[in-house]
Amino acid sequence: MANEIVLSRNKQIDVMRGIGIFLVVVGHTYHNSGMLYLFHMPLFFMLSGSVLNYTRHNYSIGRRFKGIMVPYFIFSILCFFYWAFVESKFRPIHDEVLFGGYLGTLNVKVQQFINIFLAVNSANAYTYNIVMWFLPCLFVADLIYAKIKNLKGIWVVMIAFIALYYLWVSKLPCLIWSLNIAILVVPFIFIGHKGYPKLVKLASRIPRRNMLVITLMCILFFIFLTIQFNIQSDIRANVIPPFYGFYGMAILGSLIIFCISYLINNLSVVGGQISYLGKNSLIIMCIHEPIKRVLLVVLSKVSSLPIEELRGNILLSIICVCILLLICVPIVNVINKKIAWMIGKF
């Protein structure tokens, strides 16, 4: 999602990002989208790792801060003020305490504003734009991985990270800058970094017809596992299943997206449109949630259907997502052409 300077833009990664951001928007629109939560955010952590194979420059904290945290602060503050001073007049605000101690006694809006800078990841955080947790978490996870990626036996270190989270960190209160979740997702960056080139090489040897069969089998297997074992995951809300379910389903879901992207990558029209979403996934991620809430109200008024009914019907939800993405397009173009500093391009 975050901006990268690359040797030559990898179109398949853009297509994967495009599919991923589409599924993120679907997941935030359609109520019964629990399956998507098993892999759609881990996918983006893996893609962040995969891009490391194509970057021109070595890791730079300053460059990553510009590409990730500058958009985070700008869009968080804009969305917060819209939520606090406009939307809150029409949408009820619940007394959702974010912090303990003195900070927990402050007004809810004040707590949400303070959390822009503390970036504590909890179920009550980011009421104004629930997806913003991802950016500080990605920044911290990227920073950690950059410091250890060249260690010998890095896979052993990744196992240690998984053990550290499940045996200790998961029992701690939510940490600032999403450090607890960053420890959990560093292995995804490792998988993307080391695994993506091998996967591309393997896929190049598989005929497209066989790839289609593999994709369908993986989708059916994914659905079977989800239903059979009732696996549920929501990283933002700290709902983390056992490690074998968490990492296994995230990898399987991401593999499905890889296979789909491989199949459609060379389709000029479809691949091009999805690639556009992928190239602009950072902006879409930052703006879609507030727009979605307004759009749902408008569609509810026009259709005379309750919002809950719109969000409970998969077809109506996808129509809403498509309209939402169309609304995002001119906004994306304006930001890219006129105010690119909002996404760290300065």
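Refer to the structure presented above.
Conventions used here
Residues numbered from 1 in each chain as written. Predicted model: local features only at pLDDT ≥ 70, side-chain atom pairs only at ≥ 80, totals over all residues. Heavy atoms only, no water. Helix = DSSP H or I, 4+ residues; strand = E, 2+ residues; numbered from the N terminus. Buried < 20%, exposed > 50% of the residue type's maximum accessible area, 1.4 Å probe, protein only. Contact = heavy atoms within 4.5 Å. Core = buried A, V, L, I, M, F, W, Y, C linked by side-chain atoms within 4.5 Å. Axes fitted to C-alpha atoms, helices over the stretch in contact; angles between N-to-C directions. Parallel < 35°, antiparallel > 145°, perpendicular 65-115°, else oblique. Left-handed = near helix turned anticlockwise from the far one by under 90°. Nonpolar A, V, L, I, M, F, W, Y, C, P; charged D, E, K, R; others polar. Salt bridge = Lys/Arg side-chain N within 4 Å of Asp/Glu carboxyl O. Phe/Tyr/Trp six-rings, centres within 6.5 Å; stacked < 30°, edge-to-face > 60°. Lys NZ or Arg CZ within 6 Å of the ring centre and 35° of its normal. 1 Å grid on protein atoms, 1.4 Å probe; cavity = no way out; pocket = protein on both sides within 12 Å on 5 of 7 lines; lining within 4 Å. Points joined across faces, edges and corners; volume = space filled by probe spheres on them.

Undergrad: Pulling in residues and values, what's your account of the overall build of the chain?
TA: Regarding its fold elements, the chain presents 13 helices and zero strands. Helices (α) and strands (β) of the chain occur, in sequence order from the N terminus, as α-α-α-α-α-α-α-α-α-α-α-α-α. With the principal axes as the frame, the chain shows a C-alpha extent of 55 × 50 × 45 Å. Relative to its 346 residues, the chain shows a buried fraction of 51%. Put simply, 78% of the contacts in the chain that link residues at least 6 apart link residues at least 24 apart.

Undergrad: Which residues make up the nonpolar core, and what values go with them?
TA: Formed by 107 residues in total, the largest nonpolar core has its most connected members in Phe45, Tyr72, Trp133, Phe134, Leu135 and Leu184. The dominant element in this core, judged by the number of residues it contributes, is helix H9 (residues 243-264), at twelve residues.

Undergrad: Report on the packing of helix H1 (residues 11-29) against helix H13 (residues 314-338), specifying residues and quantitative values.
TA: Running from N to C, H1 and H13 cross one another at 125°; their axes reach a closest spacing of 9 Å. By the criterion of interaxial angle, the relationship of H1 to H13 is oblique. Every pair of crossing elements has a handedness; the one defined by H1 and H13 is right-handed. Judged by residue contacts, Phe22, Val25, Val26 and Thr29 of H1 engage Ser317, Ile318, Cys320, Val321, Leu324 and Leu325 from H13. Classifying every residue of the contact of H1 with H13 gives eight nonpolar, two polar and no charged.

Undergrad: Just give me the short version of the pattern of salt bridges, but keep the residues and values in it.
TA: As a working rule, side chains carrying opposite charge can pair if their charged atoms are close by. Here the structure, examined in full by the defined rule, presents four salt bridges. Here arginine 64 and aspartate 142 are joined by a salt bridge, their closest N and O atoms 2.1 Å apart. Taken as a pair, arginine 64 in helix H3 (residues 61-85) and aspartate 142 in helix H5 (residues 134-148) lie far apart in primary sequence, 78 residues in all. For aspartate 142, a relative accessible area of 7% puts it in the buried group. Between arginine 293 and glutamate 87 there is a salt bridge, with its nearest N and O atoms 2.5 Å apart. On the criterion of sequence distance, the pair formed by arginine 293 in helix H11 (residues 281-303) and glutamate 87 in the loop between H3 and helix H4 (108-118) is long-range, its members being 206 residues apart. Neither arginine 293 nor glutamate 87 differs from the other in exposure class; each is buried. Put simply, Glu87, Glu289, Lys292 and Arg293 are held in one network by salt bridges that share partners.

Undergrad: How would you explain the packing of aromatic side chains if you had to name every residue and give the values?
TA: If you walk through the whole model with that rule in mind, you get 28 aromatic pairs. Taking 5.8 Å as the distance between ring centres and 80° as the angle between the ring planes, the aromatic pair formed by phenylalanine 65 and phenylalanine 139 counts as edge-to-face. You can see phenylalanine 65 sitting in helix H3 and its partner phenylalanine 139 sitting in helix H5, a full 74 residues away along the chain. The partly exposed category is assigned to phenylalanine 65, whose relative accessible area is 33%. Aromatic side chains phenylalanine 246 and tyrosine 247 sit 5.0 Å apart centroid to centroid with 80° between the ring planes, which places their arrangement in the edge-to-face category. Of note, lysine 66 hangs over the ring of phenylalanine 346, and the distance from its end group to the ring centre comes to 4.7 Å.

Undergrad: I'd like to hear about the layout of surface pockets, residue by residue, with values.
TA: In this structure, the largest pocket encloses a volume near 1000 Å³. Lining the largest pocket are 40 residues, and of these Arg91, Glu289, Lys292, Arg293 and Arg311 lie nearest its centre. Of all the secondary-structure elements, those providing two or more residues to the lining of the largest pocket are H1, helix H2 (40-50), H3, H11 and helix H12 (307-312). Broken down by element, the lining of the largest pocket gets its largest block of residues, seven residues, from H11. Grouping the constituent residues of the lining of the largest pocket by class yields 22 nonpolar, eight polar and ten charged.

Taken by themselves, the reported measurements are silent on function.
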